[in-house]
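Take a look at the letters that make up each chain.
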Amino acid sequence: MPVSSAGGRRRGRMSQINYWPGFVDALSTLLLAIIFLISVFTVGQFFLSTEISGRDTVLDRLNRQIAELTDLLSLERSGRRTVEENLAALQSTLKANEAERARLQGLLESGNAAQSQAGELNVALEAERQATGRALSQVEILNQQIAAMRRQLAALEEALAASENRDRESQARIADLGSRLNVALAQRVQELARYRSDFFGRLRQILGNRPDVRIVGDRFVFQSEVLFPAGQATLRPEAAGELDRIATALTELERQVPPDIPWVIRVDGHTDQRPINTPQFPSNWALSSARAIAVVQALIARGVQPQHLVAAGFGEFQPLDNGTTEEAYARNRRIELKLTER
């Protein structure tokens, strides 16, 4: 029971608390805040409207200025175009005036030049008249000289005709002498051929029928081995007998052939196609020439006159046999004697 009475007293006190004044205060505070915000918004709106209206005013002023500047620019462009047109017209006028001035200057100079030319032409005309007089006198002199030259030409024609007659006679005599000379040469050739035949016949009798000495055409052919060791140009000692007999035949030929017949014995040296390259003989040319010279010197030592001897080297370039056998090589290594005209 005592507990129940205490709880009742507390509930009575709680029911007696009043919340209304606090609620009214909160509403008043909220209302004041809303009024403040509305006042601030109104003031801001006022200033914004003022600013916007000021900017519109400035923008209108700027647009008017732009329009004025545009009008001024248009006027400037039209004025500039007018000035350029005037300037072009003035330039064309100036060019025309300069052309006219140049034309007038040219006419003036032409007039001065014409006057000076007229004076020069008068002087030249007078000089031409004097030259014409001198030319006429020279023409007269030339006519006289031409007449004299015509007389000389007639005399020369007569002399030329006489000379042509003498020339024809000389040609006839030359032709006759040529035919006589040909006959004489033919006779000399026949004599030389006869002496060649006698010489080869004499050599054939002297040398006998040897296989290493033979006649090929108009040449007397000795194998090189008869006269020289292989690869050398020094005569063998046993070749002395052959050379003695050849020299004997040549000296007899020198006594038989008349002195007015130009003849020589050509001694030709030949090798085979195998090359040689030694300090003494660097080529087949050197070897063949040295062998021919050795034979010529041996014949001169045996009494043959040097003016009747010729040494020639042919190397390997005139073979008798184109084969590559030892027999072919041996045939091509040779010394030839040929009696011929100098």
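Basis of the calculations
- Residues numbered from 1 in each chain as written.
- Predicted model: local features only at pLDDT ≥ 70, side-chain atom pairs only at ≥ 80, totals over all residues.
- Heavy atoms only, no water.
- UniProt positions renumbered as here; feature names shortened; annotations may be inferred.
- Helix = DSSP H or I, 4+ residues; strand = E, 2+ residues; numbered from the N terminus.
- Core = buried A, V, L, I, M, F, W, Y, C linked by side-chain atoms within 4.5 Å.
- Buried < 20%, exposed > 50% of the residue type's maximum accessible area, 1.4 Å probe, protein only.
- Patch = residues over 30% accessible without salt bridge, like charges linked within 9 Å, V, L, I, M, F, W, Y side chains within 5 Å.
- Areas by Shrake-Rupley, 256 points an atom, 1.4 Å probe, with all protein chains shown as cover.
- Salt bridge = Lys/Arg side-chain N within 4 Å of Asp/Glu carboxyl O.
- Phe/Tyr/Trp six-rings, centres within 6.5 Å; stacked < 30°, edge-to-face > 60°.
- 1 Å grid on protein atoms, 1.4 Å probe; cavity = no way out; pocket = protein on both sides within 12 Å on 5 of 7 lines; lining within 4 Å.
- Points joined across faces, edges and corners; volume = space filled by probe spheres on them.
- Nonpolar A, V, L, I, M, F, W, Y, C, P; charged D, E, K, R; others polar.
- Pairing = 2+ DSSP bridges.
- Expected span 1.5 Å × (residues − 1).
- Contact = heavy atoms within 4.5 Å.

### A short note on the UniProt feature "coiled-coil region" (unreviewed entry) in the protein chain
If you check UniProt for "coiled-coil region" (unreviewed entry), the listed places come out as residues 80–107 and 139–173 in our numbering. The straight-line gap between the two end C-alpha atoms of residues 80–107 is 40 Å; of that span, 100% is helix and 0% is strand. Taken end to end, residues 139–173 has its terminal C-alpha atoms 49 Å apart, with 100% of it in helix and 0% in strand.

### Describing the nonpolar core
Grouped together as the largest cluster of nonpolar side chains are 27 residues, with contacts concentrated most on Leu227, Leu250, Ile265, Val267, Val295 and Leu299. Secondary structure elements with two or more residues in this core: strand 2 (219–223), helix 3 (224–227), helix 4 (240–256), strand 3 (263–270), helix 5 (284–301) and strand 5 (334–341). Looking at this core element by element, the count peaks at 6 residues for helix 5.

### So, a nonpolar patch on the surface
A cluster of nonpolar residues, Trp20, Phe23, Val24 and Leu27, forms a patch on the protein surface that exposes about 400 Å² of accessible area. Along the chain, valine 24 falls in helix 2 (residues 20–207). Among the residues examined, valine 24 registers a relative accessible area of 32% and is labelled partly exposed.

### Concerning the packing of aromatic side chains
Evaluation of the coordinates by the stated rule reveals 3 aromatic pairs. Plain terms: the ring middles of phenylalanine 220 and phenylalanine 222 are 5.8 Å apart, the flat faces sit at 45 degrees to each other, and that makes the pair tilted. Take phenylalanine 220 and phenylalanine 222: they sit in the same class, and that class is buried.

### Here we look at the pattern of salt bridges
For the structure on display, the rule yields 13 salt bridges. Salt-bridge contacts for aspartate 268 lead to arginine 266; the nearest nitrogen and oxygen are separated by 2.9 Å. With a relative accessible area of 22%, arginine 266 lands in the partly exposed category. Aspartate 272 is the partner of arginine 333 in a salt bridge, and the nearest nitrogen-oxygen pair spans 2.8 Å. One end of the pair, arginine 333, is in the loop between helix 6 (326–332) and strand 5; the other, aspartate 272, is in the loop between strand 3 and helix 5, with 61 residues separating them in the sequence. By relative accessible area, which is 17% here, arginine 333 ends up buried.

### Comments concerning the layout of surface pockets
Estimates place the volume of the largest pocket at around 190 Å³. Taken together, 15 residues line the largest pocket, and the ones lying closest to its centre are Gly231, Asp272, Arg274, Leu287 and Arg333. Going through the elements one at a time, helix 3 and helix 5 are the ones with two or more residues in the lining of the largest pocket. A per-element tally of the lining of the largest pocket places helix 5 first, with 3 residues. Its residues placed into classes, the lining of the largest pocket shows 6 nonpolar, 4 polar and 5 charged.

### Observations concerning the pairing of strand 5
Within strand 5, 7 of the 8 residues are buried, which leaves it mostly tucked inside the rest of the structure. Sheet topology places strand 3 next to strand 5; 8 bridges connect them, and they run antiparallel. Bridging from a neighbouring strand, histidine 270 pairs with arginine 334 of strand 5.

### Notes on the pairing of strand 4 (residues 309–313)
Sheet faces and side chains relate simply in a regular strand, where the side chains alternate between the two faces. Pairing geometry for strand 3 and strand 4, over 5 bridges, is parallel. Residue pairing across strands places valine 267 opposite alanine 311, the latter belonging to strand 4.

### Here we look at helix 5
Here helix 5 is 18 residues long and its end C-alpha atoms lie 26 Å apart, about the 26 Å a rise of 1.5 Å per residue gives. Taken residue by residue, helix 5 has Asn284, Leu287, Ser288, Arg291, Ala292, Ala294, Val295, Val296, Ala298 and Leu299 as its buried positions. Just beyond helix 5, the residue with positive phi is glycine 303, at close to 105 degrees.

### Overview of the environment of leucine 299
Relative to the assigned elements, leucine 299 resides in helix 5. In this structure leucine 299 comes out as buried when scored by relative accessible area, which is 0%. Each C-alpha atom of the pair leucine 299 and leucine 309 lies 8.6 Å from the other, and the pair is 10 residues apart in sequence. Sequence-distant contacts of leucine 299, defined by excluding residues within four places in its chain, comprise Leu243, Ile246, Ala247, Leu250, Val304 and Leu309.

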